[in-house]
Amino acid sequence: MYEDFGTILSRGFNSWFRNLNICIPFILNFLINMFTYVLFIGLISVLLFTSSTGSIIDPATLSNKEILSVLWDGFSDNFGLSLFLILGFSLFVIFVHSFFTAGAIGMAKKASETGDAGIFDMLVSSSKNTFRLFLAVLLTTLLLLVGVIFIVPGAFAVGDLSMLIQNPEASVKGVMALGIGFILWTAYIVILNLALSLSSYAIVIDELGPLEALSESFRFFTNNKLDVFLIWIITIGLTTIGGLVNEFVNSGNTLFTLIISLIPIVILQPLTAVLWTRLYMARKGRKLYDPSDLLSYPDNF
């Protein structure tokens, strides 16, 4: 069913409001990630701040210079284990994110098709799509890192920063080249994010493989550039507004501060997931529910 952009926004918002439980996957993802980060920081701190005698060094008794020295020594002495912990926790966080993202998109898909979604839909979608989504996230991350080639010429041109004193003109040119490289890398990241923004939805909605989903997302973007850009802008805008509210609202009430900080997780992420899902399904001609067909809504909705 084709829908114009205004209808997608209107019915997408209605679909989200009717299914506020779509926030559950995002809340669970946040809680598990928080626990994971606390565990990781605890383990890595013990690893890096353990002296050669086996005793734990108290960072509060050290100067900043001494702390940096201890961290470097601890990392150097335990390079293999440190690298294993960083890689292991990173992959675990990505896997958990993939599990709940697949679940949230599955709920958004069901809500877009029938008007209602439940936790069972999250579990079914997660069980079917997590591993493929996990692989797609890894591929996307690698593609983003490829952009580092833009800063390589500038990095070589800068060379040793101590040369800035000996040959300021050459070093300044190198810094300019490095700055241009970072600008190009940023542009590359933005364009790639736009082009691949619907790969997760292609995996869950069309049940594609990782490579197929990336290809389909790029094809969808080339055919619907304006719609994808507008949804992307709305997503960035809502996230920015949520961050600004969280930053500038000063309150001594801990509960109020906590509620404000949960807005992106409880409201913004589920809403944007529903909007992306509806856009993808509408432009692919998939079945979509019309709120005016439901008895609980007036005919002229």
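Predicted, not measured: the structure shown is a model, and the values here were computed from it. (Residues numbered from 1 in each chain as written. Predicted model: local features only at pLDDT ≥ 70, side-chain atom pairs only at ≥ 80, totals over all residues. Heavy atoms only, no water.)

## As for the packing of helix α1 (residues 5-18) against helix α13 (residues 263-283)
Two elements in contact, α1 and α13, have axes separated by 9 Å at closest approach and are oriented at 135°. The angle between the axes of α1 and α13 places the two elements in the oblique class. The interaxial crossing formed by α1 with α13 has right-handed handedness. From α1, F5, I8, L9, R11, G12, F13, S15 and W16 reach across to α13, where they touch I267, P270, L271, V274, L275, R278, L279, A282 and R283. By residue class, the composition of the contact of α1 with α13 is twelve nonpolar, two polar and three charged. (Axes fitted to C-alpha atoms, helices over the stretch in contact; angles between N-to-C directions. Helix = DSSP H or I, 4+ residues; strand = E, 2+ residues; numbered from the N terminus. Parallel < 35°, antiparallel > 145°, perpendicular 65-115°, else oblique. Left-handed = near helix turned anticlockwise from the far one by under 90°. Contact = heavy atoms within 4.5 Å. Nonpolar A, V, L, I, M, F, W, Y, C, P; charged D, E, K, R; others polar.)

## Some details on the packing of helix α5 (residues 119-146) against helix α9 (residues 199-206)
Two elements in contact, α5 and α9, have axes whose closest approach is 9 Å; the angle formed by their N-to-C orientations is 145°. In the crossing of α5 with α9, the sense of the turn from one axis to the other is right-handed. Note on element contacts: α9 touches α5 through S200, I203 and V204, opposite S125, N129, R132, L133 and A136. In terms of residue class, the contact of α5 with α9 is built from four nonpolar, three polar and one charged.

## Some points on the UniProt feature "transmembrane region" (unreviewed entry) in the chain
Here, the residues flagged by UniProt with the feature "transmembrane region" (unreviewed entry) are residues 20-49, 79-100, 133-156, 176-205, 226-249 and 255-277. As annotated, residues 133-156 has a helix share of 79% and a strand share of 0%, and its two end C-alpha atoms lie 36 Å apart. (UniProt positions renumbered as here; feature names shortened; annotations may be inferred.)

## Some details on the confidence of the model for the chain
Confidence in the prediction of the chain, expressed as mean pLDDT, is 83, and 78% of residues score 70 or more. Averaged over each element, pLDDT in the chain is lowest for helix α7 (residues 163-166) (51) and highest for α9 (96). With pLDDT under 50 throughout, residues 295-301 is counted as low confidence; its partners more than four residues away or in other chains account for eight contacts. (pLDDT = per-residue confidence, 0-100.)

## Let's talk about the nonpolar core
If you look at the biggest cluster of nonpolar residues, it comprises 43 residues, and the most contacted ones within it are L198, Y201, V228, W276, L279 and Y280. Counting residues per element, the ones that place at least two in this core are α1, α4 (79-114), α5, α8 (168-195), α9, α10 (210-223), α11 (225-248) and α13. Grouped together as the second largest cluster of nonpolar side chains are seven residues, I44, L47, L48 and L85 included. (Core = buried A, V, L, I, M, F, W, Y, C linked by side-chain atoms within 4.5 Å. Buried < 20%, exposed > 50% of the residue type's maximum accessible area, 1.4 Å probe, protein only.)

## Considering the pattern of salt bridges
By the definition in use, this model includes ten salt bridges. The shortest N-O distance in the salt bridge between D121 and K110 comes to 3.3 Å. One end of the pair, D121, is in helix α5; the other, K110, is in helix α4, with eleven residues separating them in the sequence. The network of salt bridges with common partners includes D206, E216, R219, K284 and R286. (Salt bridge = Lys/Arg side-chain N within 4 Å of Asp/Glu carboxyl O.)

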